[in-house]
Amino acid sequence: MLADRVKHIGESKTFTVQKRAKELAATGKYVIDFGLGEPDFPTADVIKEAGKRAIEQNKTRYTAAEGVIELRKALTEKLKREDGLIYTPEEIIVSNGAKHSLDNIMRILLDKGDKVLLPAPYWVSYIEQIKLAEGVPVIVHYDERITAELVRKNKDGIKAVILNYPNNPTGTTIAPEEVEEIAWLAVKHDFFVISDEVYKKFLYDEKKHISIARYAKDKTFVVDSVSKEFAMTGWRIGYVAGPREAVRAMANMQSHTTSNPSSVSQYAALEAMKENNQKHVQIMIQEYEKRRNLVQKALAECSFYLPEGTFFFFIKIPEGNSLEFCSQLLEQKYVATVPGEAFGADNYFRLSYCTSEDRLTEGIRRIKEFMG
Ligand SMILES: Cc1ncc(COP(=O)(O)O)c(C=O)c1O
């Protein structure tokens, strides 16, 4: 019955551990969940109010498939203010979260067999999205972080490279001079950069984010969303800033697939774009930096990528494969994590610190006990 295209897509191993964690919690076990990939903060009240107002004002009808003009304009202003990027609303398309934005890009960019360079460890959905668009992922592993050298060595014959920085799952980012060099490679060798910047605000130690579009706008698709920055994962609003022709193709496609993202969510996101709302973001980031420091100290004897950003630690497992490790950690110590296999690194597991300091301390104590 099924098309070949979808036959290889199985349930994510991520969910296997999560499902079991829920079962154990239902039997009364004190399960500590480090599996989450979303802020544990609520959406700010002013943003929620804007969503409610949209409902009351009957902003509940279809909008333009590519999103309302007010939001696309506000996004151009935000990109200019924060990243020094100059876009027009015609170069912006709003979709149902960055995940949808990324899928749109793969579909309009890739022909059958087109290669996409995918540095590993990578975020779990890229690989399936590339394959669904009939592209071919070219997976190359990096050591500490993604570098220009890695891109230079593997650029031949690629149509695009995916850069995710700060990175899920490793938390590392790309140094500004490396960003510039990759941009130069993209222009010289004529490939596109799909720049997933959803964690750009989650940077610590006063590190700064530089979008690659600063140096290679015509070759870049900037992908971002309100999900992480504004703790709005469930509202489902993401966007792409990119070449006008590509944005038009995505808008046309979106008009036949999902139509507009939720009108109510778009108006809530419009409120989020106001500069004043960065204060909520800053409070959250300060809290995550504190937690990052706490976890780093608690894990001192372990081997891991030191997160420069995001809210993840990617930790090396002593031996065996990651699914077995995470399953046993859950069964024996009631701590839920995500197996590195999902991110293309089977000798690691991911710990998210989107939870309270008390739970972090207790959970890490259990992990260390388990690891011996
Ligand atoms: C690296 C990365 N990109 C994109 C997304 C998708 O975010 P959303 O679709 O909620 O905007 C996520 C979510 O976990 C992510 O970690």
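So, here's what we can say about the structure. For every chain, the first residue of its written sequence is number 1, and the numbers climb from 1 along that sequence. Reporting of local features is limited, given that this is a predicted model, to residues whose pLDDT is at least 70; pairs of side-chain atoms are given and counted only at 80 or more, and all residues count toward the totals for whole chains, interfaces and linings. Where side-chain values are given, they derive from all heavy atoms of the structure, hydrogens and water being excluded.

## Focus: the sheet that holds strand β6 (residues 192-196)
Logical step 1: At least two DSSP bridges between two strands are needed for those strands to be called paired. Every helix listed is a DSSP run of H or I at least four residues long, and every strand listed is a run of E at least two residues long, numbered separately from the N terminus. The sheet built from seven strands is open, its strands ordered β2-β8-β7-β6-β5-β3-β4 with mixed pairing. Across the chains shown, the open sheet's two edge strands, defined by having one partner strand only, are β2 (92-95) and β4 (136-141). Ignoring strand direction, the axes of neighbouring strands in this sheet form an average angle of 20 degrees.
Logical step 2: Bridge count between β6 and strand β7 (residues 220-225): four bridges; the pairing is parallel. Every axis in this analysis is a line fitted to C-alpha atoms, fitted for helices over the stretch in contact. Angles between the N-to-C directions lie between 0 and 180 degrees.

## Overview of the site of the ligand
Logical step 1: The criterion for a residue being near a molecule or strand is simple. One of its heavy atoms has to lie within 4 Å of it. Taken together, the neighbourhood of the ligand is formed by 14 residues, with A98, D196, S225, S227 and K228 sitting nearest.
Logical step 2: Contact between the ligand and K99: an oxygen atom at 2.9 Å from a main-chain N or O atom of the residue.
Logical step 3: Polar contact is the term for a pair of N or O atoms within 3.5 Å; when the atoms are in protein, one must be able to donate a hydrogen and the other to accept it, and sequence-neighboring residues count only if both atoms are side-chain atoms. Contact distances for the ligand include 2.6 Å between a nitrogen atom and a side-chain N or O atom of D196.
Logical step 4: Relative to its unbound accessible surface of 400 Å², the ligand loses 92% to contact with the protein.
Logical step 5: Just so you know the grouping, Ala, Val, Leu, Ile, Met, Phe, Trp, Tyr, Cys and Pro go in nonpolar, Asp, Glu, Lys and Arg go in charged, and all remaining residues, Gly too, go in polar. Split into classes, the residues belonging to the shell around the ligand amount to five nonpolar, five polar and four charged. Areas reported here follow the Shrake-Rupley algorithm with a probe of radius 1.4 Å; residue values treat only the protein chains shown as occluding.

## So, the pairing of strand β5 (residues 158-164)
Logical step 1: Throughout, exposure labels follow a simple rule: accessible area from a 1.4 Å probe, protein chains only, divided by the maximum for the residue type, with under 20% read as buried, over 50% as exposed, and the rest as partly exposed. By the criterion of burial, β5 is predominantly enclosed, with six of the seven residues buried.
Logical step 2: Looking at chain direction, strand β3 (residues 115-120) and β5 are connected through three bridges and run parallel. Counted as the bridge partner of L117 is V161 from β5.
Logical step 3: Note: β5 against β6, five bridges, orientation parallel. Looking across to β6, one finds that N164 is bridged to D196.

## So, the environment of E271
Logical step 1: Inspection of the secondary structure assignment puts E271 in helix α10 (residues 263-272).
Logical step 2: The exposure class assigned to E271 is buried, which follows from its relative accessible area of 11%.
Logical step 3: The spacing of E271 and E49 is 222 residues in sequence and 9.1 Å in space, taken between C-alpha atoms.
Logical step 4: Contact criterion: two residues are considered in contact whenever any of their non-hydrogen atoms come within 4.5 Å of each other. Each residue touching E271, except ones within four places of it in the same chain, is listed here: V46, I47, A50, R53 and N277.

## Notes on helix α5 (residues 98-109)
Logical step 1: Here α5 is 12 residues long and its end C-alpha atoms lie 16 Å apart, about the 16 Å a rise of 1.5 Å per residue gives.
Logical step 2: Burial analysis of α5 places nine of its 12 residues in the buried class, which makes it a mostly covered element.
Logical step 3: Within α5, burial applies to A98, H100, S101, L102, D103, N104, I105, M106 and L109. Helices are assigned an expected span. That span is 1.5 Å times one less than the residue count.

## Focus: the packing of helix α3 (residues 45-56) against α10
Logical step 1: Closest axis-to-axis distance for the α3/α10 pair is 8 Å, and the angle between their directions is 140 degrees. Relative to α10, the element α3 is oriented oblique. Viewed along their axes, α3 and α10 form a crossing whose handedness is right-handed. Counted together, V46, I47, A50, G51, R53, A54 and I55 of α3 and V264, Y267, A268, E271 and A272 of α10 form the full contact between these two elements.
Logical step 2: Across the contact of α3 with α10, the residue classes tally to nine nonpolar, one polar and two charged. If an angle is under 35 degrees, it is roughly parallel; if it is over 145, roughly antiparallel; if it lies from 65 to 115, roughly perpendicular; otherwise it is oblique. What makes a crossing left-handed is the near helix being turned counterclockwise from the far one by less than a right angle; a clockwise turn instead makes it right-handed.

## Brief notes about the sheet that holds strand β9 (residues 304-305)
Logical step 1: A sheet is described by the order of its strands in space; here four strands give the open sequence β9-β10-β13-β12, paired in antiparallel fashion. At either margin of the open sheet sits one strand with a lone partner, and together these are β9 and β12 (338-339).
Logical step 2: Taken together, the five bridges between strand β10 (residues 312-316) and strand β13 (residues 348-352) define a ladder with antiparallel strand orientation. Each bridged residue has a counterpart across the sheet, and for F314 the counterpart in β13 is R350.

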